[in-house]
Amino acid sequence: MFEGWLFYTLTVVVTLSEALVFLVLFYYYYISVYGWRKHDEEKDFNPEKRFALITAAHNEEAVIRYHLDSLKQLNYPVELFDIYVIADNCTDNTAAVARHEGANVFERFSPQKGKGCALEWMFNEKLFTMEDEKYDAICLFDADNVVSSNFLLEMNSKLKKGFRSIQGYLDTKNPNDSWVTASYATAYWSMNRMWQLARFNKGLSNALGGTGVCLEYKLLKEYGWGATCLTEDLEFTMKLLLNGIKTSWAHEAKVYDEKPVLFSQTWRQRTRWLSGHWNVALRYMIPLVKKGIKEKKWYPIDGAIYLFQPFAITIMLFNFIMGAAYACFPQQPLFATPFSGLAPAWVWWSLAVLGYCYPMLGLILEKAPRKAYFYYITYPFYGLTWFPVTVWGLFQRNNQGEWAHTAHNRGISISAIESSDKVEENDIQPKPVPVQQQQKGKGASVRRTYAAYATLVTRDEKSSKREPISDVTGRAVYPTLVGSNKSASILKPVEVVKATISQEKRSQATAGGKNFG
């Protein structure tokens, strides 16, 4: 028998740590059940809100023109949105390419690096000083993204319902590049359905994801940005929660993000995420718990539980290490395991297998491509790497100024993604096109017409169906419709509203008040 006092001390510590991890996992599985079904949602697509689309870019000349092209193809009246690019400490042709594509570009050179600092500068020094510009909301993107054509329609509908902070669906534009990108895609498909949608259905706050974000303009002016750590999106989410503002979820507003191809890239990126997460958790977790207890509301405590994730991962690692030590000394155990002894070994092994398979339910519900299931074999290794990443992030939590840039070179157009599951070779540009060789033509102009469509909100939650429709006057119509999985027909027109912009007399899209093309 191990030394008496140490034996009992380790027994208490291990038992409490096992119980704590069990409770956290049980809570997440409980919440995820609310993502099994996507409920009907009425939407008003009449375009009314005016948007400022802001992209922070650092050395993104290889991909930014595809990003801007997707913004110029948004199915929304072009006079109701402007495009801005922050060329942040760029040493390449990012600014020149963005200007060539018609965006309004602001170049920033500062020793304070990072997306959060760039956005703080853009809001305070540029956007909020434009007295002649009136916006209802601001959308934030990354330069490697391509944005679904219905994005602003969905955000417009959410804003009209009174939501002030909204996160769009984060998808992957290069899931088949490597096992790393496939693991990312698997994680995001499952998280979008079993975590983000589930939280929205449950009435909890969603989490901002750094891109595909829509924030009410007055909200930003009222509370300020102030999120300058390495995970500025998480910091702003918790700042809003402390002020009683929950973030909503727009499941049909998709943003396709480029994921790292190499493991070395994902190590750097996730280390940055975890160092920022630790930093935010240590500053916001306790205040959120206090707010929830004082106001007798659960959503602040739920936010604190989300911030607890790196603590939970670290505790799980401790349990694995202690379990290995226990197995090495079966004749002279270092501690007792009363919690594990509550059930036979086969029960715990069954739960482990279920935990491995459970994220696959998210893939099924989101109708992920078949290749995703093949790559699922490598997913456990990707999951295990979170242990060292989390621990290393803990030691790096105070280095919030050391921002590591992830290089992007997968230039894939939104047309290729929305028209086909397979990306054509001519839509991939690993090398940037020299600015001096570009000729301003159709690629630099905005699509002058847009097909208004109705989104059928289906009860079996299949992908949204689009139908071009118009009234006898030729004006665009944005109806709100409800569909059913039992029939392809429209069951009930809830509301039909008409856009005030004629397709024949639409003005050119502008970037900060300047015409494209």
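### Topic: the overall build of the chain
Across its full length, the chain carries 16 helices and 15 strands. Classification of the 517 residues of the chain by burial places 53% in the buried group. Carbon and sulfur atoms make up 59% of the accessible area of the chain, which totals about 23,800 Å².

### A closer look at the environment of F45
As for its position among the elements, F45 is in the loop between α1 (4-32) and β1 (51-57). A residue is classified by how much of its surface remains accessible, and F45, at 1% relative accessible area, is buried. Spatially, the C-alpha atom of F45 lies 9.8 Å from that of N150, the residues being 105 residues apart in sequence.

### As for the side chain of S190
With respect to the secondary-structure elements, S190 resides in helix α6 (residues 179-202). Dropping the residues within four chain positions of it, S190 is found in contact with W195, P359, G362 and L363.

### Examining the pairing of β1
Where burial is concerned, most of β1 is hidden: seven out of the seven residues are buried. A two-sided burial pattern is seen for β1, the buried positions comprising F51, L53, T55 and A57 on one face and A52, I54 and A56 on the other. Judged from the seven bridges that link them, β1 and strand β2 (residues 81-88) form a sheet pairing that is parallel. From the neighbouring strand, A52 faces β2, where its bridge partner is D82. As a crossover connection, the stretch from β1 through helix α2 (residues 64-72) into β2 is right-handed. Strand direction decides the pairing type here: β1 and strand β4 (residues 137-142), joined by six bridges, are parallel. Each residue of the ladder has a partner; that of T55, found in β4, is F141.

### So, the nonpolar core
In this structure, F51, L53, F81, F151 and L152 are the most contacted members of the largest nonpolar core, which totals 52 residues. By residue number, the principal contributor to this core is α6, which donates seven residues. With residues up to four places along the chain from it excluded, the contact list for L152 reads F51, L53, L74, Y76, F81 and C139. One finds A52, Y84, I86 and F106 within the second-largest nonpolar core, a separate group that totals 27 residues.

### Notes on the packing of aromatic side chains
Applying the stated criterion to the full structure yields 32 aromatic pairs. When the centroid spacing of 5.6 Å and the interplanar angle of 90° are considered together, the rings of F128 and Y217 count as edge-to-face. Taken together, the residues F128 in the loop between α4 (115-126) and β4 and Y217 in helix α7 (residues 217-223) connect sequence positions 89 residues apart. The pair F128 / Y217 is uniform in exposure class, with both members buried. An angle of 25° between the planes, with centres 4.7 Å apart, marks the rings of W225 and F236 as stacked. One end of the pair, W225, is in the loop between α7 and α8 (232-242); the other, F236, is in helix α8, and eleven residues separate them in sequence. Grouping residues by exposure puts W225 and F236 together as buried. Members of the aromatic cluster, connected to one another through ring pairs, are Y84, F106, F123, F128, Y135, Y217, W225 and F236.

### Let's talk about the sheet that holds strand β7 (residues 213-216)
With respect to topology, eight strands assemble into an open sheet ordered β3-β2-β1-β4-β7-β6-β8-β5, the strand pairing being mixed. Pairing within the sheet leaves two strands with one partner each, and these edge strands are β3 (104-108) and β5 (146-147). Where β5 lies against strand β8 (residues 248-257), two bridges are found, and the strand directions are antiparallel. Bridge pairing links V146 to Y256 in β8. Seen against the sheet, helix α5 (residues 151-160) touches β1, β2, β4, β5, β6 (165-172), β7 and β8 and runs at an angle of roughly 160° to β8.

### Considerations on the pairing of β7
Residues V213 and L215 point to one face of β7 and C214 and E216 to the other, with burial holding for every one of them. Pairing analysis gives four bridges linking β4 to β7, with the strands arranged antiparallel. The partner of A137 across the bridge, within β7, is E216. Two elements, β6 and β7, share three bridges in a ladder whose sense is antiparallel. From the neighbouring strand, Q167 faces β7, where its bridge partner is V213.

What counts and how
Residues numbered from 1 in each chain as written. Predicted model: local features only at pLDDT ≥ 70, side-chain atom pairs only at ≥ 80, totals over all residues. Heavy atoms only, no water. Helix = DSSP H or I, 4+ residues; strand = E, 2+ residues; numbered from the N terminus. Buried < 20%, exposed > 50% of the residue type's maximum accessible area, 1.4 Å probe, protein only. Areas by Shrake-Rupley, 256 points an atom, 1.4 Å probe, with all protein chains shown as cover. Contact = heavy atoms within 4.5 Å. Pairing = 2+ DSSP bridges. Right-handed = clockwise from strand over helix to strand, strands pointing away. Core = buried A, V, L, I, M, F, W, Y, C linked by side-chain atoms within 4.5 Å. Phe/Tyr/Trp six-rings, centres within 6.5 Å; stacked < 30°, edge-to-face > 60°. Axes fitted to C-alpha atoms, helices over the stretch in contact; angles between N-to-C directions.

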